[in-house]
Amino acid sequence: NIKKVGLVDYPHCFAQMQDFTEQRDEHTVDELWLVEHPPIYTQGLAGKAEHIINAGNIPVLQVNRGGQVTYHGPGQAVIYFLLDIERHKLGVRELVTRIENAMIELLADYGIHANGDRDAPGVYVDGAKIGSIGLRVTKGRTYHGLSFNVDMDLSPYQGINPCGYAGMQVTQLVDLLVDPAVALNMNEIQQILASKLVAELEYDTVNNI
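Given the structure is predicted, the values throughout are model-derived calculations rather than measurements. (Residues numbered from 1 in each chain as written. Predicted model: local features only at pLDDT ≥ 70, side-chain atom pairs only at ≥ 80, totals over all residues. Heavy atoms only, no water.)

A. Examining helix α3 (residues 92-109) more closely. With 18 residues, α3 extends 26 Å from end C-alpha to end C-alpha; this agrees with the ideal 26 Å at 1.5 Å per step. At the exit of α3 stands Gly 111, carrying a positive phi of roughly 75°. (Helix = DSSP H or I, 4+ residues; strand = E, 2+ residues; numbered from the N terminus. Expected span 1.5 Å × (residues − 1).)

See below:
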């Protein structure tokens, strides 16, 4: 199932992901949630306080995904993966690679060359990060997911060391377009990215809910 959630407060969505995962069973259909969040920093399980340089008025929330600190805000496409990877016979590293591939393919559609990084999961264009990945796996089921910078205010990234890397540059799709006249529609980009994820995960049928 692909679920278009829209703009939603992070803590509310986080609780919903946990509830869904706790209540699902071996027959529960996997879901991808298409989301945007109001401004928030989230600190993963590996996060260290020193990587938050100046949060300002932006709230900081400790969460249970992998990775370190990142930023979410309007204009960033977020997709959460409510998956049974045990049923899929899919390892976490393979899942991360397939998620990276979907973002790389989306960028290729715009004529932009991007790459993943086995040592620092995510998607990069000329060394600048455009796509982040953070997952939680419990009893063979996943939640959390990816964030992909489309057309947003990037200045809050200056308040943190993104993903725990001091000086890491970040970028976004709108600043990389070969033709700056190309219009970017968030709903369309999320749907295209979701379709690429469905292909990478080899689902046979898809329902929009």
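Additional details are given in the paragraphs that follow.
B. The sheet that holds strand β4 (residues 60-62), seen in detail. Reading across the sheet, the 3 strands line up as β4-β3-β5 and stay open at both edges, with mixed pairing between neighbours. Two strands bound the open sheet, and with one partner strand each, they are β4 and β5 (69-72). In this sheet, neighbouring strand axes are inclined to one another by 25° on average, regardless of whether the strands run parallel or antiparallel. Across 3 bridges, the pairing between strand β3 (residues 40-43) and β4 is parallel. Counted as the bridge partner of Tyr 41 is Val 60 from β4. (Pairing = 2+ DSSP bridges. Axes fitted to C-alpha atoms, helices over the stretch in contact; angles between N-to-C directions.)

C. Seen up close, the pairing of strand β6 (residues 76-84). Of all the 9 residues making up β6, 9 are buried; the element is thus mostly covered by neighbouring parts of the structure. Side chains Gln 76, Val 78, Tyr 80, Leu 82 and Asp 84 project from β6 onto one buried face, and the interleaved Ala 77, Ile 79, Phe 81 and Leu 83 project onto a second face that is buried too. Bridge count between β6 and strand β10 (residues 141-149): 7 bridges; the pairing is antiparallel. Residue pairing for β10: Ile 79 is matched across the bridge by Leu 146. (Buried < 20%, exposed > 50% of the residue type's maximum accessible area, 1.4 Å probe, protein only.)

D. Fine view of unusual backbone geometry. The backbone of Lys 89 sits at a positive phi, close to 55°, despite the residue not being glycine. Inspection of the secondary structure assignment puts Lys 89 in the loop between α2 (85-88) and α3. Of note, the phi angle at Lys 139 is positive, near 55°, even though the residue is not glycine. On the secondary structure map, Lys 139 appears in the loop between β9 (128-138) and β10.

E. Expanded view of the nonpolar core. Core analysis: the biggest nonpolar cluster contains 36 residues, and Phe 81, Ile 99, Leu 107, Leu 146, Phe 148, Leu 193 and Leu 197 have the highest contact counts within it. At the level of elements, β2 (31-36), β6, α3, β8 (123-125), β9, β10 and α4 (186-201) are the ones that each hand at least two residues to this core. Ranked by residues supplied to this core, first place goes to α3 with 8 residues. Counting 14 residues, the second-largest nonpolar core is a separate cluster that includes Tyr 10, Cys 13, Phe 20 and Trp 33. (Core = buried A, V, L, I, M, F, W, Y, C linked by side-chain atoms within 4.5 Å.)

F. Structural view of the state of the cysteines. If you walk through the whole model with that rule in mind, you get 0 disulfides. Its sulfur unpaired, Cys 13 is 19 Å from the next cysteine sulfur, which belongs to Cys 163. For Cys 163, a relative accessible area of 18% gives the class buried. (Disulfide = S-S within 2.5 Å.)

G. Looking closely at the environment of Asn 185. Following the sequence through the fold, Asn 185 ends up in the loop between β10 and α4. By relative accessible area, Asn 185 is classed as partly exposed at 40%. A C-alpha to C-alpha distance of 29 Å links Asn 185 and Gly 44, two positions 141 residues apart in sequence. Of the polar contacts made by the side chain of Asn 185, one reaches the backbone nitrogen of Asn 187; its length is 3.0 Å. (Polar contact = N/O pair within 3.5 Å; in protein donor to acceptor, adjacent residues only side chain to side chain.)

H. Summary view of the pattern of salt bridges. All chains considered together, the criterion is met by 6 salt bridges. Between Asp 84 and Arg 141 there is a salt bridge, with its nearest N and O atoms 3.4 Å apart. On the criterion of sequence distance, the pair formed by Asp 84 in strand β6 and Arg 141 in strand β10 is long-range, its members being 57 residues apart. Arg 141 shares its class with Asp 84; the two are buried. For Asp 109, the salt bridge is made with Lys 196, and the minimal N-O distance between the two is 3.0 Å. You can see Asp 109 sitting in helix α3 and its partner Lys 196 sitting in helix α4, a full 87 residues away along the chain. Under the relative-accessibility criterion, Asp 109 is labelled exposed at 52%. Overlapping salt bridges, with partners in common, bring together Arg 24, Asp 30 and Arg 87 in one network. (Salt bridge = Lys/Arg side-chain N within 4 Å of Asp/Glu carboxyl O.)

These figures come from the coordinates and say nothing about function on their own.
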